[in-house]
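Chains, contacts and geometry: an overview
One letter stands for each residue in the lines below.
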Amino acid sequence: MNIYADSAKLSALKQKANKLPLDPGVYIMKNSAGDIIYIGKAKALKNRVTQYFGSGNQHTEKVKHMVSNVENFEYIVCDSEFEALILENSLIKQHQPKYNILLKDDKGYSYIKITNDKWPKIESAKIVSEKDDYIGPYNSGFVVKETVDEARKIFKLPNCNRSFDNPSKPCLNYHIGLCDAPCKGNISLEDYLETIESAKDFIKFGENGKNSIEFLTEKMNAAAENLQFETAARLRDRINAINKIKEHQKVVSISYKSQDVFSSVLIGEKACVAVLIFRNYRLVDKKNFIIDGFVDKSSIYNEFLSVYYSNANDIPPRILIDCNDDFCLTERWLSEKSGHNVQFLNPQRGEQLKILRMCQSNAAENLSEVTERTGREMGALNELAQLLGLETVPRYIESYDISNTAGSDNVAGMIVFKDARPLKQFYRKFKIKGFVGQDDYRSMAEVLDRRFNEYEKGEDEAFKILPDLILLDGAVGQINAVLPIFQKYNINVPIFGMVKDSKHRTRAIATTGGDISIKSNRKCFTLITNIQNEVHRFAIGYHKSLHSKNTLKSELLNIKGVGKSRAEVLLKHFGSIKKIKNATVEELCTVKTINKDVAENIFRFYNNI
């Protein structure tokens, strides 16, 4: 179905857009019922709005559907792009347009549940029942999970569904010191219930009151003086657990008191934006948002940040983000909104880069739940895009390698990875035809020339698609050798080399400006290594097969009466030299073009007659 079928309407809208001023402002898209379906801001209204009614092939599916429903549009001219940002934000909050990002919280409230059992357990819950006791509600499921985990670790509470009335063999948690093992009978019901009450107090009041380090230390010393060594040991372990958790919390962000961290991962037009929220030197919450209709981080954050912070009251002075865009307008808006200076940062090293990568991993894992790819695969693609400075995530990657033996049987292999996995039905083999001898540069240029020629023909499914990225097995020499081919066909695809070390292991990515080390980017390093090993395997496998056939064929050529064509017919008929050697004269005569004299020559050659 062509959603741009109404060309007359599209033409009329484009004409109207061409009359817009080149001033900053806000545009308001409406459908046939007069409902507002999209609101956007622009630095230059005419330039931005006319883009919607141009070539539909340049738009994402989401934008195509939005444009197909536009019947009319209005606009408001502003004095500056900053005023347009403020007005856009206000109008989106007021109208909640269908095609704008709407970050609705559909997760509901979370609770901490204390089961009403003989041996109560502490769990997280989404639904409240009259049977059990609850602490909450909480807005964040992350906070509930973290709190339950902390309480269990500090008070050594079970997280299993076992019955504790009949002693049984304890699980691993007991052996690694995370559970007092009521299943083994190590703790009485009375002591267990007292521990549950202490855990509830910890959840409600934190380290204040009965769970302060000072209070617990006093109790431990008193128990030791009264020779209650088991109680003292339990309190000692509780103090150590609290200290350990406090240290773990500080490790994540010890340098800055408050900051938000944003990272996005894309696969096609679907993306996940993850947000890590740090307050008082610790991670206090994390959020994930699945959104559609975007193909790069810039377009995501251009809309996402204004919606995310539109109702926020707690805006930190530091915001880490995995994008190098200019966020000056957003910084100014948030600074005025919060009453203090707000700065966007894109760290490139150290502790803060580790936090940003942790956020990216969280986004990748969350997106993997709604796609068929793993978090590691999507993380690798996003890491690769960031490392190479690509505008979009390279979903479709082609890789090439040359293989020969001293210039003979010169071949090349092309492999394809789609969404970080091999797409073997699109693998292709090439025999080098343009010259004889060994020249990897000329060979690579010939292969890319033939590949792009096939793209223009549009006959082979594997060649109809232009990749998002091309990787050559080799260094800058290979890249320079094929650049004229890209210019010849006017192909605009990023191209890089894959460099190996002296031990033939992946070391770096080659560019015309020098090598990019990838060893510190673990996921990306693994992906590039897999691609390089796979294209090498495929190319050398084809070369060995061809070389073996040619070697066998040359052996047949030593037989009187057997030329190149007859050797090929014999190999095709019997499938191997071994079967030819074992064939009788009569069997050899059944082969097309092989007469009795030639058959006898072959038989005598292999039987030393």
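Our structure's up above, just so we're on the same page.
Notes on the structure in this doc start here.

Calculation notes
- Residues numbered from 1 in each chain as written.
- Predicted model: local features only at pLDDT ≥ 70, side-chain atom pairs only at ≥ 80, totals over all residues.
- Heavy atoms only, no water.
- 1 Å grid on protein atoms, 1.4 Å probe; cavity = no way out; pocket = protein on both sides within 12 Å on 5 of 7 lines; lining within 4 Å.
- Points joined across faces, edges and corners; volume = space filled by probe spheres on them.
- Helix = DSSP H or I, 4+ residues; strand = E, 2+ residues; numbered from the N terminus.
- Nonpolar A, V, L, I, M, F, W, Y, C, P; charged D, E, K, R; others polar.
- Expected span 1.5 Å × (residues − 1).
- Core = buried A, V, L, I, M, F, W, Y, C linked by side-chain atoms within 4.5 Å.
- Buried < 20%, exposed > 50% of the residue type's maximum accessible area, 1.4 Å probe, protein only.
- Contact = heavy atoms within 4.5 Å.
- Salt bridge = Lys/Arg side-chain N within 4 Å of Asp/Glu carboxyl O.

1. Comments concerning the layout of surface pockets
Of the pockets and cavities examined, the second largest pocket occupies roughly 1200 Å³. Counting residues per element, the ones that place at least two in the lining of the second largest pocket are strand 2 (36-42), helix 2 (45-52), helix 3 (61-68), helix 4 (81-95), helix 10 (297-308) and helix 11 (328-338). The biggest single contributor to the lining of the second largest pocket is helix 10, with seven residues. Class assignment for the residues of the lining of the second largest pocket results in 17 nonpolar, 12 polar and 13 charged.

2. Details of empty space enclosed by the protein
Counted under the stated rule, the structure contains two cavities of 30 Å³ or more. Looking at the largest cavity, its volume works out to about 50 Å³. Forming the boundary of the largest cavity are Ile 154, Phe 155, Lys 156, Asp 180, Arg 234, Asp 237 and Arg 238. Of all elements in the fold, only helix 5 (141-155) and helix 9 (229-252) reach the threshold of two or more residues within the lining of the largest cavity. The element contributing the most residues to the lining of the largest cavity is helix 9, with three residues. Considered class by class, the residues forming the lining of the largest cavity number two nonpolar, no polar and five charged. Of the volumes computed, that of the second largest cavity is approximately 30 Å³. Contributing to the lining of the second largest cavity are Phe 155, Lys 156, Leu 157, Pro 158, Asp 180, Pro 182, Ile 187, Tyr 192 and Thr 195.

3. Some points on helix 5
The terminal C-alpha atoms of helix 5, which comprises 15 residues, lie 21 Å apart, in line with the 21 Å expected from a rise of 1.5 Å per residue. Following helix 5 by one or two positions, Lys 156 has its phi on the positive side, about 50°.

4. Some remarks on the nonpolar core
In this structure, Phe 262, Ile 300, Tyr 301, Phe 304, Leu 305, Tyr 309 and Leu 384 are the most contacted members of the largest nonpolar core, which totals 70 residues. If sequence neighbours within four positions are ignored, Phe 304 has contacts with Ile 101, Leu 103, Phe 262, Val 273, Val 275 and Phe 289. Membership of the second largest hydrophobic core comes to 30 residues, among which are Val 416, Phe 452, Tyr 489 and Ile 495.

5. Quick look at the pattern of salt bridges
Inspection of every chain in the model, using the stated rule, returns 22 salt bridges. A salt bridge links Asp 292 to Lys 270; the shortest N-O distance between them is 2.8 Å. One end of the pair, Asp 292, is in strand 9 (residues 282-292); the other, Lys 270, is in strand 8 (residues 270-279), and 22 residues separate them in sequence. Residue classification places Asp 292 among the partly exposed residues on the basis of a relative accessible area of 40%. A salt bridge links Arg 450 to Glu 446; the shortest N-O distance between them is 2.9 Å. With Arg 450 and Glu 446 both in helix 14 (residues 440-457), this residue pair falls four residues apart, about one helical turn.

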